[in-house]
Each structure stands twice: as structure tokens, then as C-alpha cells.
Amino acid sequence: MLTVTLWQPEPRSLARCVAGAWEAVRVSRQPLRLAIIEATEQLEAAGVRSARVDAELIAAHLLGIERTRLGLTPLVDEPVIEAYRTMVAQRAKRIPLQYILGTAAMGNIDVEVGPGVFVPRPETELLLGWALAFLGTCDQHPPVVVDLCTGTGALALAIAEARPDAVVHAVELEPHALAWARRNADARENAGDTPIQLHQGDVTDRTLLPGLEGGVDLIVANPPYIPEAAELEPEVADHDPHSALFGGPDGLSVIKPMIANVARWLRIGGAVGIEHDDTNGGDVAALFAARRVFGEVVEHPDLAGKPRFVVAKRIATEVESRRGQAHRTAAESAGERMAE
Ligand SMILES: C[S@@+](CC[C@H](N)C(=O)[O-])C[C@H]1O[C@@H](n2cnc3c(N)ncnc32)[C@H](O)[C@@H]1O
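Criteria and thresholds
- Residues numbered from 1 in each chain as written.
- Predicted model: local features only at pLDDT ≥ 70, side-chain atom pairs only at ≥ 80, totals over all residues.
- Helix = DSSP H or I, 4+ residues; strand = E, 2+ residues; numbered from the N terminus.
- Buried ≥ 20, exposed ≤ 12 C-beta atoms within 10 Å, placed from the backbone.
- Contact = placed C-beta atoms within 7 Å.
- Pairing = 2+ DSSP bridges.
- Axes fitted to C-alpha atoms, helices over the stretch in contact; angles between N-to-C directions.
- Left-handed = near helix turned anticlockwise from the far one by under 90°.
- Nonpolar A, V, L, I, M, F, W, Y, C, P; charged D, E, K, R; others polar.
- Right-handed = clockwise from strand over helix to strand, strands pointing away.

For the chain, the helix and strand inventory stands at 13 helices and 11 strands. Scored against the burial criterion, the 340 residues of the chain give a buried share of 34%. Taking the contacts inside the chain whose residues are at least 6 apart along the sequence as the reference set, 65% of them involve residues at least 24 apart.

Neighbouring strands of a sheet are bound in pairs by backbone hydrogen bonds; such pairs are parallel or else antiparallel. Pairing within the open sheet is mixed, and its seven strands lie in the order β7-β6-β5-β8-β9-β11-β10. The sheet terminates laterally at β7 (197-200) and β10 (294-301), the two strands that pair on one side only. The mean angle between the axes of side-by-side strands here comes to 15°, regardless of whether they run parallel or antiparallel. Taken together, the six bridges between β10 and strand β11 (residues 307-314) define a ladder with antiparallel strand orientation. In the strand pairing of β11, F294 is matched with R314.

Interaxial distance between helix α11 (residues 255-265) and helix α12 (residues 281-289) falls to 10 Å at its minimum, and their mutual angle equals 35°. Considering the relative orientation of α11 and α12, their crossing is right-handed. Residues I255, K256 and I259 of α11 form the contact with α12, whose own contacting residues are V284, L287 and F288. Partitioning the contact of α11 with α12 into residue classes produces five nonpolar, no polar and one charged.

Here the focus is the pairing of strand β6 (residues 167-172). Across the six residues that make up β6, a large majority, six, are buried. Burial along β6 is two-sided: V167, H169 and V171 and V168, A170 and E172, pointing in opposite directions, are all buried. Pairing of strand β5 (residues 144-148) with β6 involves five bridges; the strand directions are parallel. For V145, the partnering residue across the bridge sits in β6 and is V168. Note on the crossover from β5 through helix α7 (residues 154-162) to β6: the handedness is right-handed.

Remember, this is a structural readout, not a statement about activity or role.
Structure representation (C-alpha cells):
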């Protein structure tokens, strides 16, 4: 007869074994939800307005998943929790979220950002949306686009991604910002986008980019426009570069001279959109309206209903219209003579 003896642990050692295994799980895996709740409280206490969203975005970034999928990861390893707490502590010091994550979104793309360069803002997506809609109606092939004050290159690169047929130029004054734009431009080119042309220059310089005079279909600009006396959140005041933010006492010190250049670069029928401080939408519209070469000046609000960007079209002056009419008449006469 065959006898099989099964090992039967003594009840007390079995209990110790189960408890040890449970302890190991308890130490190495922790509930993500609890960590996010703690982080939210810490960020709220530090005065961060979007505390919960930021706490979730940092967690999603660390785990490499969409924020909406956080609920599918109930437990995370201890090292993840440690890294999470470190990043949340940085955010609690009011370091911009995008500097911590290393990227900011614009249109269909992400650009890299870091200390010393302006962080692209969600409200600028409205200017991008208008620009892409205008390009949809533009009958020039290829359309020529210029992004003034490009910073990380976000607007220029988002346009190049959405419109691979466009010739996109971008201008930036600060070498440090230009280096970020180059880095992002290289990354987008490697991802298969049409390369953009970066220029270092001052958008208020009347001799800038002479080769583009009268040849540009669309100009977008998010220039420095905050009036000097404005009070700002610590993320902005302590981290965005001063030269990216302030536009003199009235916020118009870059915009005013830039508009003269816009008039020089746009072809007749071309359009421009300039983002501005919510206190001076009427002033920017008036700057366009004061020039005979601009028409169809329209102020656009942001999602909060505040004035955010102004658009205008380069129209033909009376002299240009007469010259154009004379041109057409001469061409028609020449055509008729050829037909005879
Ligand atoms: C508000 S940031 C906008 C950056 C980018 N367009 C965006 O939306 O993320 C303004 C940028 O203009 C640059 N800038 C400031 N004055 C300039 C000037 N006179 N000519 C060219 N660029 C200038 C700053 O260095 C900064 O990168």
C-alpha cells in the first residue's frame, strides 16, 4: 500500500508565514489614491490653485499613463511613492508644473520646457486655433507663416505639424530661449514634421527679415505684454523670464513697434493675430485701426471671456488698389492684343 505524507505546517508557523508575506506586500506597494490625496492637501496648503489636477498630472507623468487611467493603478511601489513625494514637494515650492514634468502642450504636440524659458500657456491654443482656421481659407501655396517671439517654438512648431505644406519662420531675441526652440525644432523634425526656419532677432527692429517683405500670409505673436506693475502668481513672477513677460508700463512696448513690422511683412490679404494682456485689448485693436494698411480688426476673448487676442487683415491702400487695377487693365489689354 502506498502512503503519501503531505507536509503540514504547524498552525503557528503558517500564520507567521502569511503575516510575513502580507508585511512584504504592505511595505513595497502603497495605494496611489492615498498618495494623491496627501499631495493634493500639500499643494492646496501651498496655495496651488489646481492642486488636485496637478497632483494627478504628476502621478500620471511618473507612471507614464494618461491622467484618466490613474484609477486602474490602485497600488504602486515604494520608490514610485518616494519620487512622487519629491516632485510634489517641488510643486509645493510653486515651481511651474511644466518645469517639473519637462513638457508643455500646444495643439497636437508637446514641447520641452525648463528653467529660463517661458512656459507655453493653454490660452495661446485659441490663437493657434484661429491661425489654423485662417490657413484653411488661405489660397496661397505654400502659405508663408511667421511666429514672432517664439520662445520654445511652440506656436511655430504646432502650425508646422498641422500644416506640413506651410513654410514656417520663427523669431526669438533671447539666445537661451532660442536654444530651447532649436531643441524642440530638431525633435519635431526627427518626428517627421516639416522643418521650421529659426531666426535670432528683435521683432521691433525695422530692418529684420527684409527677404519676407510683402510675402507673408500669416503672422502670429505671443509677445511680452504684461504691464510692469501687474501682480503675478509666484510660478510666473519667480520663474518665467522677465524679458518674456513684461511689455513696459502699458504692456505695449513690444507690440507697438512690432505692428509696424507686421505691416511690412504681410502680403495684401494676409492676416495677423497678436495675444495681449486682458487690460489692453482695445488698445491693440486701436493700434491696427490707426493704420490704413489694416482692416477687419477683430478682438477675441479667451475661455474666461477676457480680451485675449486681436486679429487684423492686411488690406490694400487706395494707392495700392489703383496700382493693382492699372496692372489688371494693362494685363487684360495685352491679352486682347495677343488674341487679335
Ligand atoms: C510671452 S513669451 C511667448 C513665447 C511663445 N510664443 C509662447 O507662446 O509660448 C515671449 C517671448 O518673446 C521673446 N522676446 C521678448 N522680446 C522680444 C523681442 N523684442 N524680439 C523677439 N523676441 C522677443 C522672449 O524672450 C520670450 O521668449
